[in-house]
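Chain by chain, the residues:
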Amino acid sequence: MVSLFQINKQTASITLPDMSSLDAVTRQLPEGYYSTFRTYDSCTRVIGLSAHLRRLPNVDASSLRRSLLQVLKPFRPGEARVRILETKQGQFYISIEPLKLLAREIYENGVRVETTTIHRDHPRAKSTAFISASDEERKHIAQVGIFEALLVKNGNIIEGMTSNFFYVLRSEHPSSALVATNAPRSAQDEILCTAQRDILLGITRTMVIRAARGRGVDVKYQPLKLDQLTAVKEAFITSSSRGIVPVIQIDNVRIGQGRPGKITKLLMSAYDEYVLKNAEII
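Residues numbered from 1 in each chain as written. Predicted model: local features only at pLDDT ≥ 70, side-chain atom pairs only at ≥ 80, totals over all residues. Heavy atoms only, no water.

1. Points about the pattern of salt bridges
Right, on to step 1. Applying the stated criterion to the full structure yields 13 salt bridges.
Right, on to step 2. Close ionic contact of Arg65 with Glu280 constitutes a salt bridge, the shortest N to O distance being 2.9 Å. In this pair, Arg65 sits in helix 3 (residues 61-72) while Glu280 sits in strand 17 (residues 280-281), placing the two residues 215 residues apart along the sequence.
Right, on to step 3. Classification of Glu280 as partly exposed rests on a relative accessible area of 22%.
Right, on to step 4. Counted as one network, the salt bridges with shared partners bring together Asp23, Arg83 and Arg138. (Salt bridge = Lys/Arg side-chain N within 4 Å of Asp/Glu carboxyl O. Helix = DSSP H or I, 4+ residues; strand = E, 2+ residues; numbered from the N terminus. Buried < 20%, exposed > 50% of the residue type's maximum accessible area, 1.4 Å probe, protein only.)

2. Overview of the sheet that holds strand 5 (residues 80-87)
Right, on to step 1. Spatial ordering of the open sheet is given by 2-1-6-5-3, a layout of five strands whose pairing is antiparallel. Edge positions in the open sheet fall to strand 2 (11-14) and strand 3 (32-38), since each of these has one partner strand only. Strand-to-strand twist of the sheet, defined as the mean angle between neighbouring strand axes without regard to direction, takes the value 20°.
Right, on to step 2. Relative to the sheet, helix 3 contacts strand 1 (3-7), strand 2, strand 3, strand 5 and strand 6 (92-98), its axis offset from that of strand 6 by approximately 35°. (Pairing = 2+ DSSP bridges. Axes fitted to C-alpha atoms, helices over the stretch in contact; angles between N-to-C directions. Contact = heavy atoms within 4.5 Å.)

3. A short note on helix 3
Right, on to step 1. If you check helix 3, its first and last C-alpha atoms are 16 Å apart, about what twelve residues at 1.5 Å a residue would give, namely 16 Å.
Right, on to step 2. Among the residues making up helix 3, those that are buried are Leu64, Arg65, Ser67, Leu68, Val71 and Leu72. Each buried residue of helix 3 sits inside an arc of 165° when the element is viewed along its axis, so together they form one side. (Expected span 1.5 Å × (residues − 1). Arc of directions from axis to C-beta.)

4. Re the environment of Glu97
Right, on to step 1. Its place among the elements puts Glu97 in strand 6.
Right, on to step 2. A residue is classified by how much of its surface remains accessible, and Glu97, at 17% relative accessible area, is buried.
Right, on to step 3. The sequence separation of Glu97 and Ala279 amounts to 182 residues, and the corresponding C-alpha distance is 20 Å.
Right, on to step 4. Not counting the four nearest positions on each side in its chain, Glu97 is found in contact with Met1, Val2, Ser21, Leu22, Phe75, Ala80 and Arg81.

5. Topic: the packing of helix 7 (residues 203-214) against helix 8 (residues 262-278)
Right, on to step 1. One way to put it is that helix 7 packs onto helix 8 with a least axis distance of 9 Å and a crossing angle of 110°. One finds that helix 7 runs roughly perpendicular with respect to helix 8. Along the contact surface, helix 7 presents Thr204, Met207, Val208, Arg210, Ala211 and Ala212, while helix 8 presents Leu267, Ala270, Tyr271 and Tyr274.
Right, on to step 2. Class assignment for the residues of the contact of helix 7 with helix 8 results in eight nonpolar, one polar and one charged. (Parallel < 35°, antiparallel > 145°, perpendicular 65-115°, else oblique. Nonpolar A, V, L, I, M, F, W, Y, C, P; charged D, E, K, R; others polar.)

6. Quick look at the packing of aromatic side chains
Right, on to step 1. One pass over the full model with this rule turns up two aromatic pairs.
Right, on to step 2. Seen from their ring centres, Phe165 and Tyr167 are 6.0 Å apart, and the 20° between their planes marks the pair as stacked.
Right, on to step 3. Seen in terms of ring centroids, Phe166 and Phe236 are 5.0 Å apart; in terms of plane orientation they differ by 15°. Their pairing is stacked. Taken together, the positions of Phe166 in strand 10 (residues 164-170) and Phe236 in strand 14 (residues 234-239) put the pair 70 residues apart, joining distant regions of the chain.
Right, on to step 4. Over the ring of Tyr40 we find Arg38; its NZ or CZ atom is 3.8 Å from the centre of that ring.
Right, on to step 5. We note Arg120 situated over the ring of Phe130; from NZ or CZ to the ring centre the distance is 4.3 Å. (Phe/Tyr/Trp six-rings, centres within 6.5 Å; stacked < 30°, edge-to-face > 60°. Lys NZ or Arg CZ within 6 Å of the ring centre and 35° of its normal.)

So, in structure tokens, the structure goes:
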């Protein structure tokens, strides 16, 4: 069950007909802009909170942080998944649900995803309009047991419906040409790729790129062509609520050996370390 609050001079609790999920609540609110994230340290810290708040055009960050601390109190000492929303009329809402972590097996074994031609009209803006536009696709993947849908534009996989997308290809350069002192030797012969244009620049995506470069993994900005699928060695998706989730199958194509690869595991560990060091105090 989701808790919903309207943030004005005073914070007011609101109940809508369908409070079953953050998406259900969002669909019942006026259209606007939003960001979604999870908390750490008993609802006192958030990764990239400042960046999340900057997604809202007219936010008073200090005031919203105070409101957020207040409405999170009932969820302590546990953790929460939070969505902040600014409507086009300038109203602010915070919706919260208890954090439900993915099963360990998902991170250990990876997930299946499929491609779709749905798209964001304005990729750089995290608009609630896309939640409604993608509703049928969300229902479809839930029914068939697919974890995520990957958006395809002009024959390129660019991002996930609720995530950013990364993949690993063998580097065209010999390992001696790469400056990679912290990566495993096998990782030095491969390159991590992600799209840069026509996507939502996810906050976790930015953190993963930093973590990758910090571990000596070369990063290249390029979308994945559909006809390159069989050449992909590893793949994963990223989001604020789920971190790094390995992908082992795209449509009917098995990725690599059909299990999370070395670079994916390296970055999962690096991201966990980054979270512990860099989560912002609310």
